[in-house]
Amino acid sequence: MYPSPPTHRRAALTAVAAAVAAGVLIAPAPALADPAQREHGNGPERHDVAATPFPAPAQTFAAPAPRAPGVDDTAPYPRQGELPVHPEDPADHSIKLGLTPYHELAPTLNDLMETSDRVSAEVIGTSTRGRDLYLVTVTEPENRARADQQRRMRELISDDPARADRDRTLPDRYKAPVLVNANIHGNEWEGTDASLRVIEELATSGDADTEEMLEGARLYFVLTANPDGRVAGTRANAAGFDLNRDFVTVSQPETAAVRQVMIDTQPLVMVDQHGYVNGTLIEPCTPPHGQNYEYDIFIENTYENALRMEEAVLELGYTPEDDGVLPPQIPFRDSTDGWDDWPPVFTPMYAPYQGAVASATVEFPMRVNNADYGNLPEEELRRRAAINTDISAATIEATIDFARENRGKLVGDQIEVFRRGAAGEEQVVPPEGWVPGFGPEDVYTTEFPRAYVLPGTDRATARLVDFLIANDVRVGRAEESFTVAGEDYPAGSHVVDMHQPKRGMANVLLEAGRDISDDVEAMYDISGWSHGLLWGAEVDPVQEAVTVATAPVTVAAPTGRVDAPDTAGWRLTVTDGSDAAALNEVLATGAEVTWAEGGAVIAPEAADAVEGAADRHGSVFEAAAEPGDAVLEPVTVAVAGAADEVFTLDALGFDLVPVSTAVLNAGFDWSEVDVLYAGAGLTYTGLNADARAALDGFLSSGGGLVGRGATGARLNDQAGLLAATRITGRSDANGVVAVTAGEGVLTGTGGHAFVYSPGWFTGLGEGVAVEQAYGDDPLVAGYWRPAANGSGGPDAAAGRASVISGTAQGAPVVLFGTEPMFRHHPKGLFGQVAQSLYWASSTPGN
């Protein structure tokens, strides 16, 4: 079976996903006033592809994470080109709430630019479905000299903070950048309308304080960071991703655009507009705090701004009795844990690594989404949305006032953050009571290494290097071999000198992380994310200065290579996701590829696609003297999975057919499918008799099953396949774990993996092979406690099988207890998933 051309395959994928859009969405628990109750006990937040019309990724797997145009730092304001107007969409979910539909944004902004020379609107990227992302800048008009001066000062702050610190006039001359990010969750609408209200007021105000403020500030507004979700009324973007969980990975174009805005504008203060928590939730957060922050600076400013925002909300006069609005809450002050700023996946938790010295999420109070959107009268929805817009606008205005009144201090604090990094100074631990309520439980620091060395020349290293650079981390390439602490490194090794202004950004991406299980009672989201351990690149922290000469790197060197072929052609070992993408490209040409031992395939010398695949995907094709054993044809996967799983499998180049319980019950043709991937949205017991018989027939005739998590294990059990019992840890346990390779059919399965609600297998029957097992002390970084009765902790998982394989009832089966495609992040595990699909499609009888 050969797949259709890629454009046809992607069109079919989108069409099928749209056709089954009535499926069940795997969504988080409702937002509650007590943040400790949010989402805990519900497992990882995932979106089922059956519920989300799902366009395929626009880039190949080998490409760097999406890049965005960014903000021109040379042109003076105003910048007032005409924005293209999008067609009217009467189905836009904003309309029912009395809010601004997406198609009215460009006309509104065009009118504002025609009315006021203080307003500039630019397109900073496009969404997954091609909608424009708007950045609005409000400031007093500038001439070229003033714009150049601002650019030079911004560069001085980030490039030479020690010199900037000596310039005592700089804080008075520098226009304070403030960033407001709105509507990153598409069905949390009101931040967009509040931003428009504030922009309109600032555009036309003749107030002397406003004029003075705009002379000393640049106010940036990302009007809607998720226009596709805004229109559709979904939390996720059109690809099914929660964009406010993507900043550690940047898999989506919307996230890339917001990241680039932060890098280019270098905000002193940012505020992210969300909903819905009653009373209004205003950060700063509870412990654990990100250990790479200069937290003494961050908490002082963020807490002060939170108090300002709280006061502004209270001054609106909304009450529980008259309006149903509870008083604001500040987690740092009012909660013990459960709303933390530990992972940099959230917009305001990422912003400090790009210079923000005050950064907060605001959750306005009155719910208008999910079930309420469909069940409440339109009049009530509009009442609630109006209250939320008032509260959102109040927090934005309070933040702007805070930045105006504290401009000199905030500029100085940003300089100090970068100066400490460049000087390699230790973090400052403030005294107890530094701000009201600050105590020992709030102290989270780290010991920065002197440098990191990335010695590899493989695709995984190149991908990580490109990601570091995209996040504004400085990377050098050694011009000759060198030795550090007795370890020899070759010329060409990449070096990240940790004496750099954005050392926090560098370290949060490169460190292994830490086990915080004993530090807090509850966590809000992920607790471990190591790019080195999970992306497959060797990353060595060193405690001595690297003295070798290095050249600055702007892009990693190409890694693809095609050796002269031997008698059997070329051998490609599928160790990385890019290798799978390259292999699938070769298979699509009709080349007669065979499956060999050791996770490798053999491509014949006549395979014309090899050169191009190696170049595009960075893969290495070595000479092969012996052919493989089994013929490997293009793999068609029926996928019942979460959106991140479908996104990843499609990026790897597999031919996908989305399925669900509903799709199978409606009648499904298994004849063109090689493997079923089951990760979400499919239950065997939910199938009708005909659908169950069809699935059983597919499996008994050699169709493969690759299963992940509870869905995959349950399907395996109920279909009577591999004899194994799945045991689960706590549902909120997550992080980076140590694993060892087993003796099954897959390779490269040792080292490290990622878990969320971890699973392991016991009671393995005859013929069931352990592909991978948890290490003796599994948790490397993250949060994993036993249950109250002492069960399900990392000790219980130690040494147990985390991935198993075997053939049962004619079906080749691989089951994962880990999360190898979680949010498209653990890229070093993608090759393992690809191998399982190839093996399951090429075993005898399939």
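Conventions used here
Residues numbered from 1 in each chain as written. Predicted model: local features only at pLDDT ≥ 70, side-chain atom pairs only at ≥ 80, totals over all residues. Heavy atoms only, no water. Helix = DSSP H or I, 4+ residues; strand = E, 2+ residues; numbered from the N terminus. Rg over C-alpha atoms; globule rule 2.2 N^0.38 Å. Lys, Arg positive; Asp, Glu negative; His and termini not counted. Charge placed at Lys NZ, Arg CZ, Asp CG, Glu CD. Phe/Tyr/Trp six-rings, centres within 6.5 Å; stacked < 30°, edge-to-face > 60°. Buried < 20%, exposed > 50% of the residue type's maximum accessible area, 1.4 Å probe, protein only. Lys NZ or Arg CZ within 6 Å of the ring centre and 35° of its normal. Pairing = 2+ DSSP bridges. Axes fitted to C-alpha atoms, helices over the stretch in contact; angles between N-to-C directions. Contact = heavy atoms within 4.5 Å. Nonpolar A, V, L, I, M, F, W, Y, C, P; charged D, E, K, R; others polar. Arc of directions from axis to C-beta. Parallel < 35°, antiparallel > 145°, perpendicular 65-115°, else oblique. Left-handed = near helix turned anticlockwise from the far one by under 90°. Right-handed = clockwise from strand over helix to strand, strands pointing away. Patch = residues over 30% accessible without salt bridge, like charges linked within 9 Å, V, L, I, M, F, W, Y side chains within 5 Å. Areas by Shrake-Rupley, 256 points an atom, 1.4 Å probe, with all protein chains shown as cover. Salt bridge = Lys/Arg side-chain N within 4 Å of Asp/Glu carboxyl O. Core = buried A, V, L, I, M, F, W, Y, C linked by side-chain atoms within 4.5 Å. pLDDT = per-residue confidence, 0-100.

J.: I'd love a proper account of the overall build of the protein, names of residues and values included.
T.: Per the secondary structure count, the protein includes 27 helices and 33 strands. For a compact globule of 846 residues, the expected C-alpha radius of gyration is about 28 Å, and the protein comes in at 27 Å, within 12% of that figure. Each principal axis of the C-alpha atoms in the protein carries an extent, and together these give about 80 × 70 × 55 Å. Between the averaged position of the 57 positive side-chain charges in the protein and that of its 123 negative side-chain charges there is a distance of 4 Å.

J.: Tell me about the packing of aromatic side chains, residues and numbers included.
T.: The tally for this structure, following the rule as stated, stands at 26 aromatic pairs. Both rings, one in Phe 668 and one in Trp 670, keep their centres 4.9 Å apart while their planes meet at 80°; by these two values the pair is edge-to-face. Since its relative accessible area comes to 9%, Trp 670 is described here as buried. Through pairs of rings, three or more aromatic residues link up here, namely Tyr 293, Tyr 295, Phe 298, Tyr 353 and Phe 438. The ring of Tyr 373 carries the charged tip of Lys 96 above its face, separated from the ring centre by 4.6 Å.

J.: Break down the sheet that holds strand E17 (residues 561-562) for me, with residues and values.
T.: Ordered in space as E17-E21-E18-E20-E19-E22, the six strands form an open sheet in which the pairing is mixed. Each of the sheet's edge strands pairs with one partner strand only, and the pair in question is E17 and strand E22 (630-632). Bridging between strand E18 (residues 569-573) and strand E20 (residues 600-603) involves four bridges; their strand directions are antiparallel. Residue Leu 572 lies in a different strand from E20, and its bridge partner there is Val 601.

J.: Tell me about unusual backbone geometry, residues and numbers included.
T.: In this structure, the amide linkage connecting Gly 275 to the following residue, Tyr 276, adopts the cis form with an omega of 5°. Counting through the fold element by element, Tyr 276 comes out in the loop between strand E5 (269-275) and strand E6 (281-282). Look at the link from Asn 278 to Gly 279: it is a cis peptide, with omega at 5°. Summarising the element assignment, Gly 279 is placed in the loop between E5 and E6. Of note, the phi angle at Val 250 is positive, near 55°, even though the residue is not glycine. As for its placement among the helices and strands, Val 250 is situated in the loop between helix H8 (227-232) and helix H9 (253-265). Judged by its relative accessible area of 0%, Val 250 is buried.

J.: For the packing of helix H20 (residues 577-588) against helix H27 (residues 830-842), give the residues involved together with the corresponding values.
T.: For the pair H20 and H27, the least separation of the axes is 7 Å and the interaxial angle reads 35°. Residue-level inspection shows Gly 577, Ala 580, Leu 583, Asn 584 and Leu 587 of H20 in contact with H27, the latter providing Phe 830, Gly 831, Ala 834 and Tyr 838. Of the residues contributing to the contact of H20 with H27, the split by class is six nonpolar, three polar and no charged.

J.: I'd like to hear about the sheet that holds strand E14 (residues 494-497), residue by residue, with values.
T.: Across a sheet, paired strands are connected by hydrogen bonds in the backbone, their directions being either parallel or antiparallel. Taken together, the five strands give an open sheet; going across it, the order is E15-E10-E14-E11-E16, and neighbouring strands pair in antiparallel fashion. The open sheet has two edge strands with one neighbour each: strand E15 (540-542) and strand E16 (550-552). Adjacent strand axes in the sheet meet at a mean angle of 30°, parallel and antiparallel pairs treated alike. Sheet strands in contact with helix H17 (residues 459-470) are strand E10 (451-454) and E14, and its direction is about 140° off that of E10.

J.: Describe helix H7 (residues 208-215), with residues and values.
T.: Along an α-helix, residues three or four positions apart point the same way, because every turn accommodates 3.6 residues. Of all the positions in H7, only Thr 210, Met 213 and Leu 214 are classed as buried. Looking straight down H7, one finds its buried side chains confined to an arc of 95°; they lie on one side. With respect to the buried face of H7, the exposed residues turned more than 90 degrees away are Ala 208 and Glu 212. Close packing links the buried residues of H7 with strand E2 (132-138), helix H6 (190-204), strand E4 (217-222) and helix H15 (378-405).

J.: Lay out the packing of helix H10 (residues 295-315) against H15 with the relevant residues and their values.
T.: One can describe the packing of H10 onto H15 by two numbers: an axis separation of 8 Å at closest approach and a directional angle of 135°. In this view, H10 runs oblique relative to H15, as classed from their interaxial angle. Here H10 and H15 pass one another in a crossing that is right-handed. Note on element contacts: H15 touches H10 through Ile 391, Ala 394, Thr 395, Ala 398, Thr 399, Asp 401, Phe 402 and Glu 405, opposite Asn 301, Glu 304, Asn 305, Arg 308, Met 309, Ala 312 and Val 313. When the residues that make up the contact of H10 with H15 are grouped by side-chain class, the tally is seven nonpolar, four polar and four charged.

J.: Account for the pairing of strand E24 (residues 655-658), with residues named and values stated.
T.: When a strand is regular, its side chains alternate between the sheet's two faces. Here four bridges tie strand E23 (residues 636-640) to E24, and the two strands are oriented parallel to one another. By the bridge assignment for E24, Val 637 is matched with Leu 656. One crossover worth recording links E23 to the parallel E24 by way of helix H22 (residues 643-651), and it is right-handed.

J.: Can you explain a negative patch on the surface? Please cite residues and give values.
T.: Together, Asp 207, Asp 209, Glu 212, Glu 215 and Asp 401 give the surface a local cluster of negative charge. In terms of residue count, H7 provides more of the negative patch than any other element does, three residues in total. Looking at the secondary structure, you find Asp 401 in helix H15. Residue class for Asp 401 comes out partly exposed when judged on its relative accessible area of 34%.

J.: How would you summarise the environment of Pro 69 if you had to cite specific residues and measurements?
T.: Structurally, Pro 69 can be placed in the loop between helix H1 (6-19) and helix H2 (105-115). Sequence separation of Pro 69 and Ala 257 is 188 residues, and the distance between their C-alpha atoms is 7.4 Å. Contacts of Pro 69, omitting those with residues within four sequence positions, involve Ile 124 and Gly 125.

J.: I'd like a rundown of the nonpolar core, residues and numbers included.
T.: In terms of nonpolar packing, the biggest core is built from 139 residues, with Leu 109, Val 136, Leu 170, Leu 219, Phe 221, Leu 468 and Val 496 touching the most fellow members. Among the elements that line this core, the one with the most residues is H10, at eight residues. With near-sequence residues (within four places) excluded, Leu 468 lies in contact with Leu 454, Val 473, Val 475, Val 496, Leu 509 and Leu 510. By size, the runner-up hydrophobic cluster in this structure holds 43 residues, among which are Leu 572, Ala 609, Val 639 and Ala 834.

J.: Before we move on, can you summarise the environment of Ile 727 with the specific residues and values?
T.: Following the sequence through the fold, Ile 727 ends up in strand E27 (residues 725-728). Apart from the residues lying within four places of it in its own chain, the contact partners of Ile 727 are Pro 758, Gly 759, Trp 760 and Thr 762.

J.: For the confidence of the model for the protein, give the residues involved together with the corresponding values.
T.: Caution is warranted with low-pLDDT regions, since their predicted coordinates should not be read in detail. The predicted model of the protein averages 92 in pLDDT, with 92% of residues at 70 or higher. Counted against residues more than four places away or in other chains, residues 1-44, with its pLDDT under 50, gives 103 contacts. Across residues 48-59, confidence stays below pLDDT 50; counting only partners more than four residues off in sequence or on other chains, it has 62 contacts.

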